[in-house]
Amino acid sequence: MNQPVNQTEIKRAILEQQTADARKKMILNGVLLAILLVAPFVMYPVFLMKILCFALFAVAFNLLFGFTGLLSFGHAAFLAAGGYTTGYLLSNFPGLTTEMGIVAGTLVATLLGLAFAVLSIRRQGIYFAMVTLALSQLVFFFFVQSEFTGGEDGMHGIPRGQLFGVVNLESNLNMYYFVLAVFIACYILVQRIVSSPYGQVLRSIKQNEARAVSLGYNVNRYKMLAFVISAALAGLAGSMKSVVFQLASLNDAHWHMSGEVILMTLVGGMGTLLGPVVGATFVVNIEYQLSQGPLRDWVDFILGGIFILTVLAFRSGIVGEIQKFMKKNLG
Amino acid sequence: MSRGPDKEYEQLRVSGLHAFYGESHILHGIDLVVHRGELITLLGRNGAGRSTTLKAIMNMVGRRTGSIMINGEETMACAPHHIARLGVGYCPEHRGIFSALNVQENLTLPPVVRSGGMSLEEIYTMFPNLYERRFSQGTKLSGGEQQMLAMARILRTGANMLLLDEITEGLAPVIVEKLGEVLIKLKEKGLTIVLVEQNFHFAAPLADRHYVMEHGQIVEEISADELDAKQSMLNDYLGV
Amino acid sequence: MSDQFVLETRGLVKEFKGFVAVDDVNLKIQDGHIHALIGPNGAGKTTVFNLLTKFLTPTRGQILFRGDDITAMKSAAIARKGVVRSFQISAVFPHMTALENIRVALQSFEGTSFSFWKSGTSLNKLNDRCMELLDSVGLAEFANTTTVELAYGRKRALELATTLAMEPKLLLLDEPTQGMGGEDVDRVVELVKKAAEGRTVLMVEHNLSVVSRLCDRITVLAQGSVLTEGDYQSVSADPRVREVYMGTANDKAAKAQTTATQETVE
Amino acid sequence: EITDNTVKIGYLADMSGTYRDLAGPNGLKALEMAIADFGGKVKGAKIEVVSADDRNSPDVASSTVRRWLENDKVDMVSGLVASSVTIAATKILEENDKLGLVSGSAASSITNEHCTPNHIHYVYDTYALSIGTPTAIVQEGGKSWYILTADYAFGHAMEADVTRVVEANGGEIVGSIRHPFPTPDFSSFILQAQASGADVIALANAGADTTNAITTASEFGVTQAGQTIAGLVVFLSDVHALGTQAAQGLQLTTGWYWDMNDETREWSDRFLKETGARPTMVHAGIYSSAMQYFKAVEATNSDDAQTVRKYMMENPINDMFAKNGRIREDGRMVHDMYLAQVKTPEESKDEWDLYKIVRTIPADEAFRPLSESKCKLVAGK
Amino acid sequence: MSMILGVPVAVLSGQLLIGIINGAFYALLSLGLAVIFGLLKIINFAHGAMYMLGAMATVIMFDMLGLNYWVALFVAPVLVGVFGMLIEYFLLRRISGQDHIYSLLLTFGAALMIQGVLTNIYGVSGLRYAMPDAFKGGMNLGFMFLPYYRAWVIAIALVVCFGTWFMIEKTKLGAYLRAGTEDAQLMQGFGINVPLLVSLTYGFGVMLAAFAGVLAAPIYSVTPVMGSHILIVVFAVVVIGGMGSIAGAIVTGILMGIIEGLTKTFYPPASSAVIFLVMVVVLMFRPTGLFGKEA
Ligand SMILES: Nc1ncnc2c1ncn2[C@@H]1O[C@H](COP(=O)(O)OP(=O)(O)OP(=O)(O)O)[C@@H](O)[C@H]1O
Ligand SMILES: Nc1ncnc2c1ncn2[C@@H]1O[C@H](COP(=O)(O)OP(=O)(O)OP(=O)(O)O)[C@@H](O)[C@H]1O
Ligand SMILES: [Mg+2]
Ligand SMILES: [Mg+2]
């Protein structure tokens, strides 16, 4: 109280730090964007799109898990809901342009997310995880029983169609840049959400829920909004995936998929923006590499090993560990 | 058996103790000796490292170096449960009441490490509140009741050296007075007590010696009879 | 009539599975007072706090805030009405800076708390007020420090500043000096004094010196019900209070007061 | 002209999941045996293999096959087990005009509504399976039937096929029950089937569901009480797992059995040496279809899908797998099927001596006639 | 014949009995899971794998060493228990005190590895295990044929469940365990060898799973993936009962067996989903499960 403190100086320091952070972020994002723009000329575009779709899925999941502290074990339901809806509409209503199908898929996932949120948001911790799991199992059951999904066989031959009725998405390159654009938009959105006034409230809820309540926040509403946004983005990922692969299947709805997105997020680094993207890239790659090589009989075994290694050796995930390392060595 | 301070018998000797939490170095070479039947206090400001000293004796900190002899036995390599079995009773700062157990279960939980502990009746007479609530879940007790329970719990085990961390915290003055009486009784029974206290007025009349800590080091040792003489210096250290 | 009382409880009762923790408590807290709630351990003080802020639901009884019945309101709504509490264990957002801790509190008045599309820099306009509040508790230099790294006493100070940011009309403090040494206690006393300017404070405290220095009025709870109420002099002179709570610790003060009349208010 | 002077084959199968044992890693061995037997080269072009685990996921299958065809210059895809995987893969084969030789899948829709000019369904299908066993059992007097159906597309198709065959032969379906897929415990369902009093309990399911149902039936004394169990999709690996004790007397339909003649025994002895197990019909099919493919490539000096397929359609198949097999325009390879019965423990000489061949079902009877086909490739459709 | 909702009473009683028997399996499995979660706060996704190991061990010991069912009933769970303790010692111990989710991932990883190895050695079609002679046949109860083996399963499972419940809720050892969960360090400060206790508890929990595996060997097809199917259902049972509640796990296990059995009669396709429906409904009204303590 008695030390003379220069308030203006401190405030300036805070602002300076903000701009410095923002600049660092810009540079990083710029580099990544450049890589993504040229990537399809170096790598197989469909594979890249797969990575982007899963990265979006993981980013969506991380908004809830990493930034709000809610572990959903049912996110597969949204991925599948988006995928099936889009697939169904595009296959059965040739008049629809691709983006309309995708918007509709996202919308359905959003509504489903709202329903999940209403039923689960009051539960705490592991119970929350389990309610979302149970709900997603019921959704799975619905998809298995429904005719339109094609059951075990899946929904095949979904047309990629024309974007806005003009851009032909049959071309892998066109498709790629469309997916990339959507991905970037979503990534920026999430980045924005996290640092927005709303994001601050989410952070505070994650860190000390009781305190947030005592400051007058109706935490359940905030959590619910986060859940719904996350579901919407997951649905969007599913919609795009179904268009890219022209296929929607029960795989997307299975609880293993919910587990996989947790793995991606953790391996990459939960609670970091880039973590889920890196995690998704890593997991999709490793699964592909393993299933092709001489170790293909040992995929489960090796994936299991990666789980264990992540948990034991680099718990903050790839991005988290790098950040820690940078902090330590570069101040 | 001889009762009262036995100046010959070293119950606890700590020398050159360093302790770390992860990368932060908290204790910087603590030396202290406690004889059988003595009551000593560790005084100091918040964060001086008093609680950490007790924890280090129990081997409950991240890493430690130096030497800790209990009853003449080196314990640096011992697991906490071995240390407890040497007759050490530890009452932690945050009470550690078990919510899965009711009050009575909490009381009877720690295994008896030596004969001569208090019986349940004795404890209930000492703390009638606990008797009333004996079938309540441990953590449903009020803050003060939990503190009593934590203290009472180790009296049962027959430990002959007690490490007590801020036991008067949050207690009503009447109870604090009563605790003072209890400590005197325990001292009479020949128990060795290391007391970490914030409440100097409580500790002063009880203790044989005081150690003053600052920044993870012992900066002063004051015996009971020097207390008046050194009062002002103490005030400086403690900011009373 | 009742508007001179900021807070009033009528026949407040809380039972836990047959155990009555709070038994027919009628509190009347006057505007602008620092009012202490003291009593032996387990008397029900924390429980009363929990009832007032709806962390627990009363079994029976009414709670009035400025004459309005708030018995049925939810925690968050009560907080927004201006009844804000601090916790017995320090409650901060550990991985935010001190400044951000306070900003979260200020933000709840902004009406942008659901604006997930707004830039984070839109909150910078709150920084001035944050700094003022931090300064008032002597934490200005720690504005940019992550809260986990603050010492315990400073966390408590930060918590108080956060609470003040809510512009509470009635501040509830549960043992604000618990776990603090001499100097820190003094600092908190000063803080509370400052915070009490222009508002009402209800506090639970075991440190009698703090109570005697700060409080205008004291209610003594014992076994869930009100034993007596009055100012420090009269309460500490009450033999019943000395028996169940104060013991002889306060003998000196008590002796000087032997002749004082025991005045018990309802 | 063989493109890039290599013939590249992609082997796609479930390597670690439910269908591992009926095709899986041993199927890859069978494919490699075929390549070795052909000398590792066709017309001087090297034969190469890539392989992948489909993890029973149409997703994985479609992305893997797409990459193989678009990026890795694969000419032919072999294996293909789970029907969902096959349907996903064949769509992509059609898009890229490459060839798929399907050996593992059961669904008859693969050459019906899902037919493409880019694949051949080689070993068996649900239609063929539902012909053999039910016909034989109804004719032996098993008139009333109760069907346990796995509750997904494959099970439903199977149930429909069985119903048709049973009724056509004068039998009657007295009840059916749809169980979730997969079901670990069949006691409830077996109990209900038992209570129905039907002569025959048919299992319109596959893999672990079938073996579990058979084990439970034997535990609950179904056969002792006079009811017959009819497994509809049963592989050698399943029966091997069940053992003759539990499976004895079970009737089933198969496209091939290792112990039929010297030719089959000779090949299967080699297979046993390589893998430690006797081949299932799928393993044999993978070997045989690969040999036929190489022959066609050699004869036409081309690895173009349509050229090769045309040659294969024009030339009947005569090898250890099939006699006088031929490939129809819908992609169905038609050949004789066999009705087999599981031996009793007393009859069985060793762990792989499991079947008696009871009857040969002629190719014309075994497969869905083209006249009933919904395939877009069949003339007049 | 009298009917209920179109189903003969005899069939219905048979289904109920079968439901109870399956419920006994669920109870045994969820009990182990509840012990491990309740006492160690470990979300043991390797539980299914341990169940499978119990069954596989039974078969393999018979094939390779000729050890019979009765020997396996003791030896297999002990072997698996020791294996579990090794996992605890080398892996789980390193993440104690971390968020639950890490234990989930770690054990899930371990399960994948175990399953992967066994799949490569034994395939997935399943191994056969002959019904022990003592249990051949069954009794006719009038409304159904009850194989002796199923009767044995229900009897032994109930005995084991009750014994476990008694040990944890009513004995001193149980009190140590419950207290050790909350503050292991402090318990150790009282002179209790907590790390050993933790190992033993995990070992005991997986032993229960392995025991269920041995019981399953003669009646289900024994495959490396048998555990992964049942895992998620058993988790649902534990959650409905209230995570960590011992009695809850047992009672709910049996209850879910019955509900599932009835669903198999009235609307079979939903029998795999019904448990999740029950879970959603139960958690809506009781946020911490049927027997869970209030949060
Ligand atoms: N688990 C921990 N990890 C890291 N630092 C710690 C930990 N516990 C304590 N410290 C730090 O160690 C120092 C000494 O703490 P200690 O608890 O021993 O102090 P104390 O003298 O008992 O004070 P108090 O009155 O606050 O109890 C403090 O600076 C504290 O922040
Ligand atoms: N959730 C609960 N369930 C059962 N009993 C409870 C519960 N919460 C508190 N109690 C009991 O109610 C009584 C009052 O507790 P409370 O915490 O209000 O006391 P307090 O006056 O704050 O005491 P202290 O000064 O020790 O903190 C105590 O006897 C306590 O055991
Ligand atoms: Mg301390
Ligand atoms: Mg209290």
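Presented here is a report on the structure given in the accompanying data block. As the structure is a prediction and not an experimental result, all values here were calculated from the model.

**A word on the overall build of chain D**
Here is step 1 of the chain: Broken down by element type, chain D carries twelve helices and 15 strands.
Here is step 2 of the chain: Computed over C-alpha atoms, the radius of gyration of chain D comes to 20 Å, within 12% of the 21 Å expected from 2.2 N^0.38 for 381 residues, which places it in the range of a compact globule.
Here is step 3 of the chain: For chain D, the C-alpha atoms occupy an extent of roughly 65 × 45 × 35 Å along the three principal directions.
Here is step 4 of the chain: Burial analysis of chain D (381 residues in total) assigns 66% to the buried set.
Here is step 5 of the chain: Considering only contacts in chain D between residues 6 or more positions apart, those separated by 24 or more positions represent 70%.
Here is step 6 of the chain: Total accessible area on chain D is roughly 11800 Å²; 47% of this is exposed by carbon and sulfur atoms.
Here is step 7 of the chain: Chain D carries 34 positive and 51 negative side-chain charges, and their two centres are separated by 4 Å.

**Notes on the interface of chain A and chain C**
Here is step 1 of the chain: Listed by partner, the interface residues are 35 residues for chain A and 50 residues for chain C.
Here is step 2 of the chain: Run the count over chain A and chain C and you get one salt bridge.
Here is step 3 of the chain: Glu-100 of chain C serves as the salt-bridge partner of Arg-203 of chain A, at 3.5 Å between the closest nitrogen and oxygen.
Here is step 4 of the chain: For the pair chain A and chain C, the number of links is twelve residue pairs in polar contact (both at pLDDT 80 or more).
Here is step 5 of the chain: Listing elements by their share of the side of chain A that touches chain C, those giving two or more residues are α1 (7-42), α6 (172-195), α7 (197-207), α8 (209-214) and α9 (219-245) of chain A.
Here is step 6 of the chain: Considering only residue class, the side of chain A that touches chain C consists of 17 nonpolar, 13 polar and five charged.

**A closer look at the coordination of the magnesium ion (ligand 3)**
Perfect tetrahedral coordination of a metal by four donors corresponds to 109.5 degrees between them, and perfect octahedral coordination by six donors corresponds to 90 or 180 degrees.
Residues and elements named next belong to chain B.
Here is step 1 of the chain: Protein-derived coordination of the magnesium ion (ligand 3) comes from Ser-51 (OG) and Glu-93 (OE), at a distance range of 1.8 to 2.2 Å. Of this pair, Ser-51 sits in helix α1 (residues 50-57) while Glu-93 is found in the loop between β6 (88-91) and α3 (103-108), placing the two residues 42 residues apart along the sequence.
Here is step 2 of the chain: Assessed through its relative accessible area of 32%, Glu-93 is described here as partly exposed.

**As for the arrangement of the chains**
Here is step 1 of the chain: Among the six pairs of chains that make contact, the interface with the largest number of contacts is formed by chains A and C.
Here is step 2 of the chain: Between chain A and chain B there is no contact, and the shortest C-alpha to C-alpha separation is 12 Å.

**Comments concerning the interface of chain A and chain E**
Here is step 1 of the chain: Listed by partner, the interface residues are 32 residues for chain A and 39 residues for chain E.
Here is step 2 of the chain: Surface buried jointly by chain A and chain E totals about 3500 Å² across both partners, of which 82% is contributed by carbon and sulfur atoms.
Here is step 3 of the chain: Our enumeration of links across chain A and chain E arrives at zero salt bridges.
Here is step 4 of the chain: Among the elements of the structure, α5 (125-145), α10 (255-268) and α12 (299-313) of chain A are those that each provide at least two residues to the side of chain A that touches chain E.
Here is step 5 of the chain: A breakdown of the residues in the side of chain A that touches chain E according to their chemical character gives 24 nonpolar, four polar and four charged.

**So, the site of ligand 2**
Here is step 1 of the chain: The environment of ligand 2 is made up of 20 residues, and the closest members are Lys-140 and Gly-144 of chain B together with Lys-45, Thr-46 and Thr-47 of chain C.
Here is step 2 of the chain: The local environment of ligand 2 is shared, drawing residues from chains B and C.
Here is step 3 of the chain: One of the side-chain N or O atoms of Arg-133 of chain B is found 3.1 Å from an oxygen atom in ligand 2.
Here is step 4 of the chain: Relative to its unbound accessible surface of 640 Å², ligand 2 loses 89% to contact with the protein.
Here is step 5 of the chain: Listing elements by their share of the shell around ligand 2, those giving two or more residues are α6 (143-155) of chain B together with β2 (19-25) and α1 (45-52) of chain C.

Rules and cut-offs
Residues numbered from 1 in each chain as written. Chains lettered and ligands numbered in written order. Predicted model: local features only at pLDDT ≥ 70, side-chain atom pairs only at ≥ 80, totals over all residues. Heavy atoms only, no water. Helix = DSSP H or I, 4+ residues; strand = E, 2+ residues; numbered from the N terminus. Rg over C-alpha atoms; globule rule 2.2 N^0.38 Å. Buried < 20%, exposed > 50% of the residue type's maximum accessible area, 1.4 Å probe, protein only. Contact = heavy atoms within 4.5 Å. Areas by Shrake-Rupley, 256 points an atom, 1.4 Å probe, with all protein chains shown as cover. Lys, Arg positive; Asp, Glu negative; His and termini not counted. Charge placed at Lys NZ, Arg CZ, Asp CG, Glu CD. Salt bridge = Lys/Arg side-chain N within 4 Å of Asp/Glu carboxyl O. Polar contact = N/O pair within 3.5 Å; in protein donor to acceptor, adjacent residues only side chain to side chain. Nonpolar A, V, L, I, M, F, W, Y, C, P; charged D, E, K, R; others polar. Donors = N, O, S within 2.8 Å, 3.2 Å for Na, K, Ca; no water. Buried area = accessible area lost by both parts, 1.4 Å probe. Near = heavy atom within 4 Å.

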